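Each chain, letter by letter, is given below.
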Amino acid sequence: MNAQQLSHRLTRVAHHVPKGAVVADIGSDHAYLPCYLVLNGVVDKAVAGEVVKGPFESAQKQVQQEGLAGQIHVRLASGLDAIHPEDHITAITIAGMGGPLICSILEQGKEQLAGVERLILQPNVHSKSIRDWASANNWTITEEEILKENEKIYEILVLEKVQSTVLWTQQQLLMGPELLKDQTPIFQEKWRRESDQWKKIVASMESTAQTEEIIEKKQELVEKIQLVEEVLQHENP
């Protein structure tokens, strides 16, 4: 992978960046994504934010090698602190982290979200936490993708700001309101796998001391299994 040829996962993230946006890529690593977006004429300006010194230096080097130092600002900062008001950022990409960490970055950087029109988020795990955050913070989900790369399944969530609280069902929060509309084979594979794993955990809990905590956790998993089974059984009666 390089700035000219992204992985399938990052190519799909790039696909959701609006043409002409001013984008901030948080946790940018080698800055491949912002470089790709500028090189392909999707955006003219970008910010690459990194909290770790090694990847920050790699991103700086990459941007200089591509001759894009005038268009991409590389900043060593935690989360959305990489964004300055004068950047006038309209889109933010955060890819390759867990859902709870992405939520923490968004929650801690709420002030920097003023003026941002779109969030393109690619959590490695726990996408539900992002949907919970979106619902509580007046962001709606306009698009979702599910894809497989190197035997791992990833989701991409595209959020846009709205004026009122968005309410989704527990099924939609867990599995994705847009993904539920088009249940691809990868979607079905993911949820069969998740359901099977939860069933194993519930079975293992049966042989442990039934503390209040264990009982609550078991009930939570059983409810999730039921939500998933409803969808899978409907799709494959």
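Just so you know, these numbers come straight off a predicted model, no measurement behind them.

Parameters at a glance
Residues numbered from 1 in each chain as written. Predicted model: local features only at pLDDT ≥ 70, side-chain atom pairs only at ≥ 80, totals over all residues. Heavy atoms only, no water. Pairing = 2+ DSSP bridges. Helix = DSSP H or I, 4+ residues; strand = E, 2+ residues; numbered from the N terminus. Axes fitted to C-alpha atoms, helices over the stretch in contact; angles between N-to-C directions. Contact = heavy atoms within 4.5 Å. Salt bridge = Lys/Arg side-chain N within 4 Å of Asp/Glu carboxyl O. Buried < 20%, exposed > 50% of the residue type's maximum accessible area, 1.4 Å probe, protein only. Parallel < 35°, antiparallel > 145°, perpendicular 65-115°, else oblique. Left-handed = near helix turned anticlockwise from the far one by under 90°. Nonpolar A, V, L, I, M, F, W, Y, C, P; charged D, E, K, R; others polar. Core = buried A, V, L, I, M, F, W, Y, C linked by side-chain atoms within 4.5 Å.

## Brief notes about the sheet that holds strand S7 (residues 152–161)
Stage number 1. Spatially, seven strands are ordered S3-S2-S1-S4-S5-S7-S6 in an open sheet, and the strand pairing comes out mixed. Strand pairing shows two members of the sheet lacking a second neighbour, strand S3 (72–76) and strand S6 (139–149), which therefore form its edges. Direction aside, neighbouring strands of the sheet carry axes that sit 15° apart on average.
Stage number 2. Where strand S2 (residues 45–50) lies against S3, five bridges are found, and the strand directions are parallel. From the neighbouring strand, Glu 50 faces S3, where its bridge partner is Leu 76.
Stage number 3. On the sheet, helix H1 (residues 8–15) packs against strand S4 (91–97), strand S5 (118–123), S6 and S7 and is oriented at approximately 155° with respect to S6.

## As for the pattern of salt bridges
Stage number 1. Tallied over the full model, the rule gives 19 salt bridges.
Stage number 2. Its salt-bridge partner being Arg 9, residue Glu 149 comes within 3.6 Å of it at the nearest N-O pair. Here Arg 9 lies in helix H1 and Glu 149 lies in strand S6, a separation of 140 residues in the sequence. Here the two residues Glu 149 and Arg 9 agree in accessibility, since each one is buried.
Stage number 3. Here Lys 224 makes a salt bridge to Glu 220, at a shortest N to O gap of 3.8 Å. With Lys 224 and Glu 220 both in helix H8 (residues 212–235) and four residues apart, the pair spans about one turn of that helix.
Stage number 4. Residue classification places Lys 224 among the partly exposed residues on the basis of a relative accessible area of 22%.

## Structural notes on helix H5 (residues 127–136)
Stage number 1. Within H5, seven of the 10 residues are buried, which leaves it mostly tucked inside the rest of the structure.
Stage number 2. Looking at the packing, one finds that the buried side of H5 touches helix H4 (99–108), S5, S6, S7 and helix H6 (170–175).

## Points about the side chain of Ser 195
Stage number 1. Structurally, Ser 195 is set in helix H7 (residues 185–205).
Stage number 2. The class for Ser 195 is buried, based on a relative accessible area of 0%.
Stage number 3. Once residues lying within four places of it in the same chain are set aside, the contact partners of Ser 195 are Ile 225, Val 228 and Glu 229.

## Here we look at the environment of Ile 94
Stage number 1. Along the chain, Ile 94 falls in strand S4.
Stage number 2. Overall, Ile 94 belongs to the buried group, its relative accessible area being 0%.
Stage number 3. In sequence terms Ile 94 and Leu 121 are 27 residues apart; their C-alpha atoms lie 5.0 Å from each other.
Stage number 4. Setting aside its immediate chain neighbours within four residues, Ile 94 contacts Ile 26, Ile 102, Ile 105, Leu 106, Ile 120, Leu 121 and Gln 122.

## Focus on the packing of H1 against helix H2 (residues 32–39)
A packed helix pair is summarised by two numbers, namely the angle formed by the two axes and the spacing between the axes.
Stage number 1. Where H1 contacts H2, the axes come no closer than 10 Å and their chain directions differ by 55°. Classified by the interaxial angle, the pair formed by H1 and H2 is oblique. Two packed elements cross with a definite hand, and for H1 against H2 that hand is right-handed. Together, Leu 10, Thr 11, Val 13 and Ala 14 of H1 and Leu 33, Tyr 36 and Leu 37 of H2 make up the contact between the two elements.
Stage number 2. Here the residues of the contact of H1 with H2 are counted per class, giving six nonpolar, one polar and no charged.

## Quick word on the pairing of S6
Stage number 1. Along S6, eight of the 11 residues are buried, which leaves the element largely enclosed by surrounding structure.
Stage number 2. Looking at chain direction, S6 and S7 are connected through 10 bridges and run antiparallel. Counterpart to Ile 146 in the pairing with S7 is Glu 155.
Stage number 3. Joining the antiparallel neighbours S6 and S7 is a turn of two residues, in which Asn 150 adopts a positive phi near 50°.

## Quick notes on the environment of Gly 79
Stage number 1. Looking at where Gly 79 falls in the secondary structure, it is placed in the loop between S3 and S4.
Stage number 2. Exposure remark for Gly 79: the relative accessible area of 14% places this residue in the buried category.
Stage number 3. Separated by 30 residues in sequence, Gly 79 and Gly 109 have C-alpha atoms that sit 7.1 Å apart.
Stage number 4. Those residues within four positions of Gly 79 in sequence are excluded, and the remaining contacts are Ile 26 and Ile 105.

## Thoughts on the nonpolar core
Stage number 1. Among the nonpolar cores identified, the biggest contains 31 residues, and Val 17, Leu 37, Val 43 and Ile 72 are the most heavily contacted of them.
Stage number 2. Of all elements in the fold, only H1, H2, S2, helix H3 (53–65), S3, S4 and S7 reach the threshold of two or more residues within this core.
Stage number 3. In terms of residues, this core owes the most to one element, H2, which gives six residues.
Stage number 4. Core analysis: the next-biggest nonpolar cluster, separate from the first, contains 30 residues, Ala 24, Ala 77, Ile 83 and Met 97 among them.

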